[in-house]
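Summary of structural features
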Amino acid sequence: MSMDSDSSSSSFGGADHRSFRQITRDRLLIEMLRSTRKSSKSTWKVLIMDKLTVKIMSFSCKMADITEEGVSLVEDLYKRRQPLPSMDAIYFMQPTKENIRIFMSDMSGKNPLYKKAYVFFSSPVQRELVAHIKKDSTVLTRIGALSEMNLEYFAIDSQGFLTDNDKALEELFSESAEGSHKYNACLNTMATRIATVFASMREFPRVHYRVARTIDASTLTTLRDLVPTKLAASVWNCLARYKSTIPEFPQIETCELLIVDRSIDQVAPIIHEWTYDAMCHDLLGMDGNKYVQEVPSKNGSANEKKEVLLEDHDPVWLELRHAHIADVNERLHEKMTNFVSKNKAAQLQQARSSGELSTKQLQKMVQALPQYSDQIDKLTLHVEIAGKLNNIIKEQHLKDVGQLEQDLVFGDAGTKELINFLRTRLDVSRENKLRLLMIYASINPEKFESEKGAKLMQLAGLSADDMTAVNNMRCFCGPDIKKSSSAVGFSLKFDLHKKKHGIRKDRIGEESTWMLSRFYPILEDLIEKLSKGELPKDEYHCMNDPSPSFRGISGSVSAQTSPAHQPAQSMRSRRIGGTWARPRNSDDGYSSDSVLKHASSDFRKLGQRLFVFVIGGATRSELRTAHKLTGKLKREIILGSTSLDDPPQFITKLKMLSAEELSLDDLQI
């Protein structure tokens, strides 16, 4: 028995060309579960996990995968468990005092719960806790392994992870965050978990971060504005420890990490997105990735409800998730038509009906072909979902709402158009008017300095809760611009002295035939700039630079000074190629199936990985951007965040920040 920092490290040495999620999965199944077979005489084992580690496991592995590695029973660490003295146990848990106390209780005394224990900690364990375990000689003889897995994140996507800090906005950016225990605890947990991503990937990053900016020399920087700086420093400290404790951990930089907070783009979490994945999660009230489908019952009575997961194992979902809803409708109809044309029985049915068939008629036709049930179940599911989305778009007049949202963001509409819309469109829901006003407030915070803001909110018929959300959105945009006209710390990355500081520019070379597909997250620009080594030096610093000055200007990208550090194929012209409305059969590296073709089978051809971490919640448009730019920049882009928020969740979080907690004066720095 030894105290290892990452077991089976040799299998991960050198260049690793597997995808992010595959590496995570392999570490859990092979490096952790399979490694216990060597010294264990027990054919089947019990796997014991805490509330966090069970989620870590479930995001990366299926129960069948775990069973295949010799686990016959999965147990909750905190629940009373039946003694199984003839079986060995694998503990995968956080290194907390309480967890170790429970473990010691399980394995001590004359009658331990299990024959032998293999212990794997999700993050670095304190020395005193290890010493506490080693003090008990009886327990010590029953331990087969004591290792730090250093894997404490949720792999939510092939290119995305979460640190499970769902309350980060409240704990880091509210007024009560100043000097609170939760502020430091949240940052420390976040840093530890981000660092374990690099431990898993065997990558040592150049750590870039958005710096705190002051209005002038006489103003103090608040803790809120220092969040990216503090997180970067904490991550750096964790990585420095890994360099000396994890075998074969890189000693020189191998990738890039950019740390930003939600202030870089407040519009992205609010605006209506028009891609399939985003619309499903925004409009269908799904619980995570679970969708409740109505299927015909076997006895022919009323429809039954069936839970399905919209995940990577569904090839139709994988192909369509990043496509525009109009494209999804076309592709589903095309798939149904192709299916019918290749099937003789379906052709006979088609011959009996005259004229062109609708997608719904095609759906009924193929449902009558039981031998193709597996193939058609997936298609039927997505035809149903797309149909629901199309109905919601019509019922809620979302095309009109979406058009005004995008016109506001791109500067083609302003106060006059917004007032006219609020006054005349009584058929638009309060929720959608709230989102319009939140977008307007993030772009034009100065309009809310007088009674104008209150009048706009009254005109929209907003509730007191809604008004809180709008005011807090405005607060995220920076301090009272009447007091200062220069760029400020907690703001969008636009100059406040410009009249239209929140307006985006259309992307060059990305014109689309699909309606409402102009919007793009600011993160897209930042990733491209980082890849080229062109991040603004006064806004972004790098921990790896010899002396990154907090207030002064330092080189933001160390890669610029060393040709050896330049990422492969990263010097590219801005936004050429890739559109939502690509020609049929084109491969622009944007659709999920295209990205998978390039990324999963072709990782050896990709340049250095690029990680981005968003404090305060990422959006599905930003996750989509990671997939899109992986194909475009020929680098695997991995997006991390404290949470993945759909608009209803983000709005709820803003409502929970009271006006007292987050005021303009408080955010003045």
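Residues numbered from 1 in each chain as written. Predicted model: local features only at pLDDT ≥ 70, side-chain atom pairs only at ≥ 80, totals over all residues. Heavy atoms only, no water.

It is worth spelling out helix H4 (residues 97–107) at this point. Those residues of H4 not exposed but buried are Asn99, Ile100, Ile102, Phe103, Met104, Asp106 and Met107. Of the surrounding secondary structure, the elements contacted by the buried residues of H4 are strand E4 (88–93), strand E5 (117–121), helix H5 (127–135), helix H6 (137–141) and strand E6 (143–148). Positive backbone phi, approximately 80°, marks glycine 109, located one or two places after H4. (Buried < 20%, exposed > 50% of the residue type's maximum accessible area, 1.4 Å probe, protein only. Helix = DSSP H or I, 4+ residues; strand = E, 2+ residues; numbered from the N terminus. Contact = heavy atoms within 4.5 Å.)

Tallied over the entire structure, the rule returns 13 aromatic pairs. Aromatic pair phenylalanine 198 and phenylalanine 611: ring centres 4.6 Å apart, planes at 55°, arrangement tilted. Highlighted residues: phenylalanine 198 in helix H8 (residues 181–201) and phenylalanine 611 in strand E14 (residues 607–615), separated in sequence by 413 residues. For phenylalanine 198, a relative accessible area of 1% translates into the label buried. Judged by its relative accessible area of 1%, phenylalanine 611 is buried. Residues phenylalanine 410 and tyrosine 520 carry aromatic rings whose centres are separated by 6.4 Å and whose planes lie at 50° to one another, so their mutual orientation is tilted. Taken together, the positions of phenylalanine 410 in the loop between helix H16 (398–409) and helix H17 (415–424) and tyrosine 520 in the loop between helix H20 (464–475) and helix H21 (522–532) put the pair 110 residues apart, joining distant regions of the chain. (Phe/Tyr/Trp six-rings, centres within 6.5 Å; stacked < 30°, edge-to-face > 60°.)

Formed by 121 residues in total, the largest nonpolar core has its most connected members in Phe92, Leu172, Leu231, Ile259 and Leu437. Counting residues per element, this core draws most heavily on H8, which supplies 11 residues. If sequence neighbours within four positions are ignored, leucine 231 has contacts with Leu187, Met190, Ala191, Ile194, Ile259, Phe613 and Ile615. Among the nonpolar cores identified, the runner-up in size contains 30 residues, and Val316, Trp317, Leu381 and Ala386 belong to it. (Core = buried A, V, L, I, M, F, W, Y, C linked by side-chain atoms within 4.5 Å.)

On to the packing of H17 against helix H18 (residues 430–443). Running from N to C, H17 and H18 point in directions that differ by 165°, and their axes come no closer than 12 Å. Considered as vectors, H17 and H18 are oriented roughly antiparallel to each other. Crossing hand, H17 versus H18: left-handed. Residues Thr415, Leu418, Phe421 and Leu422 of H17 form the contact with H18, whose participating residues are Lys433, Leu436, Leu437 and Tyr440. Among the residues making up the contact of H17 with H18, the classes are represented as six nonpolar, one polar and one charged. (Axes fitted to C-alpha atoms, helices over the stretch in contact; angles between N-to-C directions. Parallel < 35°, antiparallel > 145°, perpendicular 65-115°, else oblique. Left-handed = near helix turned anticlockwise from the far one by under 90°. Nonpolar A, V, L, I, M, F, W, Y, C, P; charged D, E, K, R; others polar.)

For the rest of this paragraph, the subject is the side chain of glutamate 75. Structurally, the position occupied by glutamate 75 is in strand E3 (residues 71–76). In this structure, glutamate 75 is in contact with Val46, Leu47, Ile48, Met49, Arg81 and Gln82, ignoring residues within four places of it in sequence.

In this section: the pattern of salt bridges. In the structure shown here, the tally under the stated rule is 37 salt bridges. Where glutamate 622 meets arginine 262, a salt bridge forms, and the shortest distance between an N and an O atom there is 2.7 Å. Within this pair, whereas glutamate 622 is found in helix H23 (residues 620–633), its partner arginine 262 is found in the loop between strand E10 (255–261) and helix H10 (276–283), the two being separated by 360 residues in sequence. Across the salt bridge formed by arginine 504 and aspartate 265, the nearest N and O atoms sit 2.7 Å from each other. Of this pair, arginine 504 sits in the loop between H20 and H21 while aspartate 265 is found in the loop between E10 and H10, placing the two residues 239 residues apart along the sequence. A single burial state applies to arginine 504 and to aspartate 265, both of which are buried. Beyond isolated ion pairs, a larger network of salt bridges with shared partners links Arg21, Asp157, Asp312 and Arg321. (Salt bridge = Lys/Arg side-chain N within 4 Å of Asp/Glu carboxyl O.)

Right, let's talk about unusual backbone geometry for a bit. With the exception of glycine, most residues fall at negative phi, and the peptide bonds are largely trans. Even without being a glycine, histidine 397 presents a positive backbone phi close to 55°. Following the sequence through the fold, histidine 397 ends up in the loop between helix H15 (373–395) and H16. Backbone geometry at lysine 634 places phi at a positive 60°, although glycine is not the residue there.

With respect to the element layout, glutamate 405 can be found in helix H16. Separated by 2.7 Å, the side chains of glutamate 405 and histidine 272 make a polar contact. Apart from the residues lying within four places of it in its own chain, the contact partners of glutamate 405 are Ile271, His272, Arg435, Leu436 and Ile439. (Polar contact = N/O pair within 3.5 Å; in protein donor to acceptor, adjacent residues only side chain to side chain.)

Relative to the elements of secondary structure, valine 207 occurs in strand E9 (residues 205–210). Sequence-distant contacts of valine 207, that is, excluding residues within four places in its chain, are made with Ala232, Trp236, Leu239, Leu257, Ile259, His541, Cys542, Met543 and Asn544.

What follows covers the confidence of the model for the protein chain. Overall, the predicted model of the protein chain reaches an average pLDDT of 81, with 75% of residues at or above 70. Across residues 7–15 the pLDDT falls below 50, and counting only partners more than four positions away or on other chains, this stretch makes 18 contacts in the model. (pLDDT = per-residue confidence, 0-100.)

Glancing now at the sheet that holds strand E15 (residues 635–641). Spatially, seven strands are ordered E7-E8-E15-E14-E10-E9-E13 in an open sheet, and the strand pairing comes out mixed. Only two strands of the sheet have a single partner each, and these edge strands are strand E7 (154–157) and strand E13 (540–542). Between one strand axis and the next, the sheet turns by 25° as a mean value, whatever way the strands run. Across three bridges, the pairing between E7 and strand E8 (residues 160–162) is antiparallel. Paired with phenylalanine 154 across the bridge in E8 is leucine 162. Contacting E9, E10 and E14, helix H9 (residues 227–245) runs over the sheet at an angle of about 165° to E9. The sheet strands contacting H21 are E9, E10, E13, E14 and E15, and the helix crosses E14 at an angle near 140°. (Pairing = 2+ DSSP bridges.)

A separate point is the pairing of E9. Across the six residues of E9, six count as buried, placing the element largely inside the fold. Here E9 shows two buried faces, one formed by Pro205, Val207 and Tyr209 and the other by Arg206, His208 and Arg210. Note that E9 and E10 share five bridges and pair parallel. Paired with proline 205 across the strands is cysteine 255, a residue of E10. Relative to E13, E9 runs antiparallel, the two being bridged by three bridges. Its bridge partner lying in E13, tyrosine 209 is registered against histidine 541.

Examined against the element boundaries, aspartate 164 turns out to sit in the loop between E8 and helix H7 (168–173). On the accessibility criterion, aspartate 164 (32% relative accessible area) is partly exposed. Along the sequence, aspartate 164 and leucine 644 sit 480 residues apart, while their C-alpha atoms lie 9.3 Å from each other. Excluding anything up to four places from it in sequence, aspartate 164 contacts Leu52, Phe154, Arg193 and Thr642.

All right, on to helix H1 (residues 20–33) then. Across its 14 residues, H1 extends 19 Å between first and last C-alpha, which sits within 8% of the 20 Å expected from 1.5 Å per residue. The axis of H1 is deflected most strongly, by about 30°, at arginine 27. Burial of H1 is extensive: 10 of the 14 residues sit out of reach of the surface. When we look at burial in H1, the residues that qualify are Phe20, Ile23, Thr24, Asp26, Arg27, Leu28, Leu29, Glu31, Met32 and Leu33. (Expected span 1.5 Å × (residues − 1). Bend = angle between axes of the 7 residues up to and from the residue.)

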